[in-house]
Protein chains: 2
Amino acid sequence: MTIKNDLLLKALRGEQVSRPPVWLMRQAGRYLPQYLEIKAKYGFFERVQTPELACEITLQPVDIIGVDAAIIFSDILVIPQAMGMEVLMDEGKGPLLPNVIKDEKDIDALNIQDIAQRLEYVSQAIWLTKKELNARVPLIGFAGAPFTILCYMIEGKGSKTFDKAKEFCLTRPDLASKLLSKITGATIDYLKAQVAAGADCVQVFDSWSGLLSPADFSTIALPYLKEIAEALSPLCPVILFPKGSWYALPELAATKASGIGIDWNIAPQMARQMAGTNITLQGNFDPTHLLLPPAQIKKEVQQMISAFGAQRYIANLGHGITPNVPVENARAFVEAVKEWKT
Amino acid sequence: MTIKNDLLLKALRGEQVSRPPVWLMRQAGRYLPQYLEIKAKYGFFERVQTPELACEITLQPVDIIGVDAAIIFSDILVIPQAMGMEVLMDEGKGPLLPNVIKDEKDIDALNIQDIAQRLEYVSQAIWLTKKELNARVPLIGFAGAPFTILCYMIEGKGSKTFDKAKEFCLTRPDLASKLLSKITGATIDYLKAQVAAGADCVQVFDSWSGLLSPADFSTIALPYLKEIAEALSPLCPVILFPKGSWYALPELAATKASGIGIDWNIAPQMARQMAGTNITLQGNFDPTHLLLPPAQIKKEVQQMISAFGAQRYIANLGHGITPNVPVENARAFVEAVKEWKT
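Cut-offs used in this document
Residues numbered from 1 in each chain as written. Chains lettered and ligands numbered in written order. Predicted model: local features only at pLDDT ≥ 70, side-chain atom pairs only at ≥ 80, totals over all residues. Helix = DSSP H or I, 4+ residues; strand = E, 2+ residues; numbered from the N terminus. Rg over C-alpha atoms; globule rule 2.2 N^0.38 Å. Buried ≥ 20, exposed ≤ 12 C-beta atoms within 10 Å, placed from the backbone. Contact = placed C-beta atoms within 7 Å. Pairing = 2+ DSSP bridges. Right-handed = clockwise from strand over helix to strand, strands pointing away. Nonpolar A, V, L, I, M, F, W, Y, C, P; charged D, E, K, R; others polar. Expected span 1.5 Å × (residues − 1). Axes fitted to C-alpha atoms, helices over the stretch in contact; angles between N-to-C directions. Least-squares fit on C-alpha atoms with pLDDT ≥ 70 in both. Parallel < 35°, antiparallel > 145°, perpendicular 65-115°, else oblique. Left-handed = near helix turned anticlockwise from the far one by under 90°. Core = buried A, V, L, I, M, F, W, Y, C linked by C-beta atoms within 7 Å. pLDDT = per-residue confidence, 0-100.

### Side note on the overall build of chain A
Assigned secondary structure in chain A consists of 16 helices and 9 strands. Its C-alpha radius of gyration of 19 Å places chain A within 12% of the 20 Å reference for a compact globule of 342 residues. Its C-alpha atoms give chain A principal-axis dimensions of roughly 55 × 45 × 35 Å. Counting only residues that meet the buried cut, chain A has 53% of its 342 residues in that class. Taking all contacts inside chain A whose residues are at least 6 apart in sequence as the whole, residues at least 24 apart take part in 74%.

Next up, the structure:
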């Protein structure tokens, strides 16, 4: 079925658009009262693992905010979970993996056989969401990037600096590359299954790659992002979002990805200069600016689009929307993009 | 008295040096067994406020590690404390300011009269340390930058994102600039007193400025860094270290500062290109790399110096040394710089 509003896919393919597409990272959840109602009734993994709930949550921002794309409601930690690690989610405190990876034996114990089957609930949620979307807008699938998943597998919880994970990568490069390759294989299978179920494009979140120096990024993060982009790009457009790794824009632009997400720590003009003109950029509104009055948000969105240009660009935030953003402000952001005129 | 080893001051003045000077951020404390002995006996503010203890701690890395500069043992939060805010330090968890700034009345209540007098214990520690140093190496004074101090005053504790502080700056720009100006005035008085007591140069730590977009940095952080550099530069060389704000290198290089600190998220060549050749760069070794074997550390330090060049450069970390670094590794870092040859 042809997608009615295919601005996102056009922008990723480098085709001419009348205005940039817009969606918001973490658009499904957190700040939406309709989501909070569901959250009050069901536990975190219940929401993630019940296709009907994940579908309902995924559709909310399409209906309420009017974004140009849906992104399947899930979590990057479903991968370590499917590989056999226990993952607990304390919604006040963040994730906890009680049994972290300590040595080669732990890596060998990770099960990557039939990963897509163990994550079939995601495929089912995608299938159901595609049906309910009824071709209104494209559906984005996603996964965490191997380095970011390793961070949680080694550290066992969130961290400002992920020192233990970095120490592991630096002092045990043999084990790190074994683990990263294993995660990469599982992630590719998982993303392929998402596309098979109906995802129109996929985004890979390397949320912690910005903790790495340019040199370390090129050995610990980039090769695996590249491998995923190569494996998925024949099937659908791929967006890579290595948060904080602005320094790698030239290398990222040389992968098979169609788009690169950027945070707000780089000026649009500089990002474009570093990435070149053959790739779509996505971002980079500071979520804190969504706390400004709607009129001010609209003004800043216009400035952002003017700075990036309307072509090969996807309007978005530079990181996930925060829970304290009023719904009308999120809507103002989306409306401002829709109102954009040269 | 002429300082015997004045490599640091020469590098900051842009004079020719035989090799780059070297010191380590957070060199006094944390990883040193001799510091941990003192820590076991005295509370945090007792160590900071007792000149004899602060002096002893400051001298340790000069004697044990052989760095080319001492930096006075203190804390950036002595400024909010001296302005009248309660500051608690739970050494496991970080700082806590129970009564945060909420409105204009709270800002008006901050006392900036005679700030240097209320911080006389720092001046005394500097005076004592200068005496004990006996002109072996220069002594660095320091303070937190106004934006970073505001972060703690508004948020009341550490944070990954300092959302509340950013929200305050964005939505109450009038109050934010009033508060930032007040902190700036106090900081200038405080740094001048440090120089009067004997500090040979000063460093300003903007530990959280990297949370700001380039546009926000230029309104919320830069003007106050500039003001401090203007006020202090007639007295001694000034190093600005706005962590994560690589994007502002050209603007920072245009201030009256003599040096700019950079973290490991930017390649040396790019930092030099953005900053130009008229300012000294300081950094940018990833502290996690100090967990590698000493031989590997030495190799990487050589590469770092080759990339920066030996002139207008100060070898240092890109952030504070972490508690888990073996002393011999810190020493290997310093030795590698001393062994450097073109």
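### Things to note about unusual backbone geometry
Glycine aside, negative phi is the norm for most residues, and most peptide bonds take the trans geometry. Residues and elements named next belong to chain A. A cis amide bond links Gly-283 with the next residue in sequence, Asn-284, at an omega value of -15°. Note that Asn-284 resides in strand β8 (residues 280-285). Positive phi, close to 50°, is recorded for Asn-134, a residue that is not glycine. Residue placement: Asn-134 occurs in the loop between α8 (120-133) and β4 (139-144).

### A closer look at the pairing of β8 of chain A
All names here are of chain A. In terms of residue burial, β8 counts as a mostly covered element, since 6 of its 6 residues are buried. Bridge analysis of strand β7 (residues 259-261) against β8 gives 3 bridges, and the strand direction is parallel. Its bridge partner being in β8, Gly-259 is matched across the sheet by Thr-280. A crossover connection joins β7 to the parallel β8 through helix α14 (residues 268-275); in handedness this β-α-β unit is right-handed. Bridge count for β8 against strand β9 (residues 313-317) is 5 bridges, and the pairing is parallel. Across the sheet, Leu-281 pairs through a bridge with Tyr-313, a residue of β9. At this point the chain moves from β8, through helix α15 (residues 294-308), to the parallel β9, and the crossover so formed is right-handed.

### Some thoughts on the interface of chain A and chain B
Every contact between the two is made by 20 residues of chain A and, on the other side, 20 residues of chain B. The residue makeup of the side of chain A that touches chain B, split by class, is 8 nonpolar, 7 polar and 5 charged.

### Concerning helix α11 (residues 173-197) of chain A
All names here are of chain A. Across its 25 residues, α11 extends 36 Å between first and last C-alpha, which sits within 8% of the 36 Å expected from 1.5 Å per residue. What α11 keeps buried is the set Ala-176, Leu-179, Leu-180, Ile-183, Thr-184, Ala-186, Thr-187, Tyr-190, Leu-191, Gln-194 and Ala-197. At the C-terminal side of α11, Gly-198 shows a positive phi close to 135°.

### Digging into the environment of Arg-272 of chain B
Residues and elements named next belong to chain B. Relative to the assigned elements, Arg-272 resides in helix α14 (residues 268-275). With 20 C-beta atoms counted inside 10 Å, the residue Arg-272 sits in the buried group. For Arg-272 and Pro-250, which are 22 residues apart along the polypeptide, the C-alpha to C-alpha distance reads 9.8 Å. Excluding residues within four positions of it along the chain, Arg-272 makes contact with Leu-281 and Phe-308.

### Points about the sheet that holds strand β1 (residues 70-71) of chain A
Residues and elements named next belong to chain A. What the 7 strands build is an open sheet, ordered β1-β4-β5-β6-β7-β8-β9; its pairing is parallel. Both outer strands of the open sheet, β1 and β9, are each paired with one neighbouring strand and no more. Of the pairings in the sheet, the one linking β1 to β4 comprises 2 bridges and is parallel in character. Counted as the bridge partner of Ile-71 is Ile-140 from β4. Lying on the sheet, helix α12 (residues 214-232) is in contact with β5 (201-206) and β6 (238-242); it crosses β6 at an angle near 165°.

### Focus on the relation of the copies chain A and chain B
With an RMSD of 0.0 Å, the fit of chain A onto chain B corresponds to turning through 180° and sliding 0.0 Å along the axis. The operation mapping one copy onto its partner corresponds to a two-fold rotation axis. Taking the C-alpha atom as reference, chain A places Lys-160 of chain A closest to the rotation axis, 3.1 Å from it. Mapped onto chain B, 100% of the interface residues of chain A again fall at the interface, so both copies present the same surface.

### What to know about the sheet that holds strand β9 (residues 313-317) of chain B
Spatially, 7 strands are ordered β1-β4-β5-β6-β7-β8-β9 (chain B) in an open sheet, and the strand pairing comes out parallel. With one partner strand each, in any of the chains shown, β1 (70-71) and β9 of chain B form the two edges of the open sheet.

### Notes on the packing of α14 of chain A against α15 of chain A
Residue and element names in this part refer to chain A. Close contact between α14 and α15 brings their axes to 8 Å; oriented N to C, the two are set at 25°. Regarding the angle of α14 to α15, the classification is roughly parallel. Here the hand of the crossing between α14 and α15 comes out right-handed. Every residue of α15 that contacts α14 at Pro-268, Gln-269 and Arg-272 is listed here: Met-304, Ala-307 and Phe-308. Class assignment for the residues of the contact of α14 with α15 results in 4 nonpolar, 1 polar and 1 charged.

### Quick look at the pairing of β9 of chain A
Across the 5 residues that make up β9 of chain A, a large majority, 5, are buried. Burial along β9 of chain A is two-sided: Tyr-313, Ala-315 and Leu-317 of chain A facing one way and Ile-314 and Asn-316 of chain A facing the other are all buried.

### Examining the nonpolar core
One recurring pattern in soluble globular proteins is that nonpolar side chains are buried together. Counting residues in hydrophobic clusters, the biggest one holds 244 residues, and the most contacted among them are Ile-72 and Val-204 of chain A together with Ile-72 of chain B. If near-sequence neighbours (up to four positions away) are discounted, Val-204 of chain A is found in contact with Phe-142, Ala-143, Ala-145, Leu-225, Ile-228, Val-238, Leu-240 and Phe-241 of chain A.

### Section: the confidence of the model for chain A
For chain A, per-residue confidence averages 97 on the pLDDT scale, and 100% of positions sit at 70 or higher. Here the predicted complex carries an ipTM of 0.95, next to a pTM of 0.97.

### Focus: the environment of Cys-55 of chain A
All names here are of chain A. Along the chain, Cys-55 falls in helix α4 (residues 51-64). A residue is classified by how many C-beta atoms lie within 10 Å of it, and Cys-55, with 22 of them, is buried. Residues within four places of Cys-55 in sequence aside, it is in contact with Ala-125, Leu-128, Thr-129 and Glu-132.

### Things to note about the environment of Gly-14 of chain B
Residue and element names in this part refer to chain B. Relative to the helices and strands, Gly-14 resides in the loop between α1 (7-13) and α2 (33-41). Separated by 245 residues in sequence, Gly-14 and Gly-259 have C-alpha atoms that sit 9.6 Å apart. If sequence neighbours within four positions are ignored, Gly-14 has contacts with Thr-280 and Arg-312.

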